[in-house]
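The lines below spell out each chain.
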Amino acid sequence: MLKLSVSDIVRNNENCYSFVVAVSKRARQIAEEQREEEFPAEEKPVALAVEEFVEGKFHILQPDLNAQAEEEEEENAKERAEVAAIAQMRAEEKTEQDNHTADKSAS
């Protein structure tokens, strides 16, 4: 295999950290497969994983950050609505108690 730098391998829309994580995960899978099959390794799992990546056998999946942000905002909105509903219920209970106390005082 040719000696390539990470910048030679990583494509435009991918970052080096994602590349390293993806290759390490695939290398662990390869090592596990070799252990299970008791297959003697001619090449190291990392070298095989890099080779597979270069050949396009696996790709790096990037999370949709906008979707994650929207989900978090939706969860925060639900929490704020629940807090507001509880505050409203407590205010109504307080008003009801005050009215009940005022009615007893007037009697």
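A. Layout of the overall build of the protein. On a plain count of helices and strands, the protein comes out with four helices and zero strands. In the protein, the succession of α and β elements from N to C terminus is α-α-α-α. Considering only residue pairs separated by 6 or more positions, the protein has 48% of its internal contacts joining residues 24 or more positions apart. In the form shown here, the protein has an accessible surface area of approximately 9100 Å², with 52% of it arising from carbon and sulfur atoms.

B. Highlighting the nonpolar core. In this structure, Ile-9, Val-10, Phe-19, Ala-22, Val-23, Ala-27, Ile-30, Ala-49, Val-50, Phe-53, Phe-58 and Ile-60 together form the largest nonpolar core, which totals twelve residues. Put simply, the parts of the chain that give this core at least two residues each are α2 (16–37) and α3 (45–54). Looking at this core element by element, the count peaks at five residues for α2. Setting aside its immediate chain neighbours within four residues, Val-23 contacts Val-46, Ala-49, Val-50 and Phe-58.

C. Layout of the pattern of salt bridges. Counted by the stated rule, this structure contains seven salt bridges. Glu-33 is the partner of Arg-26 in a salt bridge, and the nearest nitrogen-oxygen pair spans 3.5 Å. Overall, the relative accessible area of 17% leaves Arg-26 in the buried class. The exposure class assigned to Glu-33 is partly exposed, which follows from its relative accessible area of 37%.

D. View of the side chain of Ser-18. Relative to the elements of secondary structure, Ser-18 occurs in helix α2. With relative accessibility at 15%, the residue Ser-18 sits in the buried group. Those residues in contact with Ser-18 that sit more than four places away from it in its chain are Ile-60 and Gln-62.

E. Region of the structure containing the confidence of the model for the protein. Per-residue pLDDT for the protein has a mean of 83; in total, 89% of the residues score no lower than 70. Mean pLDDT across the elements of the protein bottoms out in helix α1 (residues 6–9) (69) and peaks in α3 (90).

F. Seen up close, the packing of aromatic side chains. A complete count under the given rule lists two aromatic pairs for this structure. Aromatic side chains Phe-19 and Phe-53 sit 5.2 Å apart centroid to centroid with 65° between the ring planes, which places their arrangement in the edge-to-face category. Of this pair, Phe-19 sits in helix α2 while Phe-53 is found in helix α3, placing the two residues 34 residues apart along the sequence. Taking the relative accessible area as the measure of exposure, Phe-19 reaches 5% and is therefore buried. Classification of Phe-53 as buried rests on a relative accessible area of 0%. An aromatic cluster is present here, built from Phe-19, Phe-53 and Phe-58 joined pairwise through their rings.

What counts and what doesn't
- Residues numbered from 1 in each chain as written.
- Predicted model: local features only at pLDDT ≥ 70, side-chain atom pairs only at ≥ 80, totals over all residues.
- Heavy atoms only, no water.
- Helix = DSSP H or I, 4+ residues; strand = E, 2+ residues; numbered from the N terminus.
- Contact = heavy atoms within 4.5 Å.
- Areas by Shrake-Rupley, 256 points an atom, 1.4 Å probe, with all protein chains shown as cover.
- Core = buried A, V, L, I, M, F, W, Y, C linked by side-chain atoms within 4.5 Å.
- Buried < 20%, exposed > 50% of the residue type's maximum accessible area, 1.4 Å probe, protein only.
- Salt bridge = Lys/Arg side-chain N within 4 Å of Asp/Glu carboxyl O.
- pLDDT = per-residue confidence, 0-100.
- Phe/Tyr/Trp six-rings, centres within 6.5 Å; stacked < 30°, edge-to-face > 60°.

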